[in-house]
Amino acid sequence: MKKPIRVLIAKPGLDGHDRGALIIAQALRDYGMEVIYSGLRQTPAQIAAAAVQEDVDAIGLSCLSGAHNELFPEVVRLLKEKEAEDIIVVGGGVIPWEDIPQLEASGIRKVFTPGTPTVETAKFIEQCVYERDGIAAADENRQPPRKIDHIGIAVASLDEALPFYVNHLRLKLEAVEEVVSEKVKVAFLSVGETRFELLEPTADDSPIAKFIAKRGEGIHHVALEVDDLAARLKEWKAGGVQLIDEKPKTGAEGANVAFVHPKAASGVLVELTERSGNEG
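Residues numbered from 1 in each chain as written. Predicted model: local features only at pLDDT ≥ 70, side-chain atom pairs only at ≥ 80, totals over all residues. Heavy atoms only, no water.

Draft legend 1. Molecular detail of the overall build of the protein chain. Each helix and strand counted, the protein chain has 8 helices and 13 strands in total. Computed over its C-alpha atoms, the radius of gyration of the protein chain comes to 24 Å, more than 25% above the 19 Å expected for a compact globule of 280 residues. Based on the C-alpha atoms only, the size of the protein chain along its principal axes is roughly 70 × 40 × 30 Å. By the burial criterion, 44% of the 280 residues in the protein chain qualify as buried. Counting contacts in the protein chain only where the partners sit at least 6 residues apart, residues at least 24 apart contribute 59% of the total. Accessible surface, the protein chain: about 14900 Å² in total, of which carbon and sulfur atoms supply 51%. Taking the 32 positively charged and 45 negatively charged side chains of the protein chain as two groups, their mean positions are separated by 3 Å. (Helix = DSSP H or I, 4+ residues; strand = E, 2+ residues; numbered from the N terminus. Rg over C-alpha atoms; globule rule 2.2 N^0.38 Å. Buried < 20%, exposed > 50% of the residue type's maximum accessible area, 1.4 Å probe, protein only. Contact = heavy atoms within 4.5 Å. Areas by Shrake-Rupley, 256 points an atom, 1.4 Å probe, with all protein chains shown as cover. Lys, Arg positive; Asp, Glu negative; His and termini not counted. Charge placed at Lys NZ, Arg CZ, Asp CG, Glu CD.)

And the structure:
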């Protein structure tokens, strides 16, 4: 039986602003968690001691003072000292992106930057607690994409493009097929663990024909392999991610596919693919 998740929200250091901490505390309560707020200006030792005393599952640290690189890892160190390293620690606040890899390497499970939907923080903590306790995750779609499935390259003619990839790059041509719904003919070529997908338009109103007319031949999209595409699209739509396809459709090789708008990915057209028979 799943027990309520207990979370300690703490403000380490001399930072005197706690509006963000209070907002996330209320959001976690609204999500169904039991939340304890330790108040302002706590030392790492006070936070670690309170977490053990309150028997919490997770700690949420918030810091705006710029001392996160010292204070956050110290909380993790003190938890280990108290043999309480199973308590999950996450962080938030005004944290520069360049500091995040080091913080996460020090044991902070994830750092949430300003603008992150509060429900994302709640879901992440929930997933970590369930994984720790061996409980089936309520939302298995939190996993990142498995891999780059392929890189799509728009070409005017497969006959003209393939000799370079096959004869000079010496890539293995896997298959050529026509995807009627997208008005393209595609060729897949192996490149290590991923593939190139060359796309030739079969009609003037094909999206690939329009792409070539506007930008010329070149990289058209990056495809990422994911699990449970329909659920992921539903979640992303709810989270405000701009999608081109709100439901999966059938793409090349019979895979379920959907496109994410380039505005959501810094100008890159992202295709999500879901293939049957995925294992681990």
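Resuming the write-up.
Draft legend 2. Region of the structure containing the nonpolar core. Ranked by internal contacts, the top residues of the largest apolar core, which has 23 residues, are Ile59, Leu61, Phe72 and Leu79. For this core, the element with the most residues is helix H3 (residues 68-81), which contributes 6 residues. If we ignore the near neighbours within four places in the chain, the residues touching Ile59 are Leu8, Ile47, Ala51, Val75, Leu79, Ile87, Ile88, Val89 and Val90. Counting residues in each nonpolar core, the second largest holds 20 residues, with Ala21, Ile24, Met33 and Ala58 among its members. (Core = buried A, V, L, I, M, F, W, Y, C linked by side-chain atoms within 4.5 Å.)

Draft legend 3. Representation of the environment of Val52 within the structure. For Val52, the location among the structural elements is in helix H2 (residues 44-53). We classify Val52 as partly exposed; its relative accessible area is 38%. With 80 residues separating them along the chain, Val52 and Arg132 place their C-alpha atoms 17 Å apart. In contact with Val52, other than residues within four places in its own chain, are Lys82, Ala84 and Ile87.

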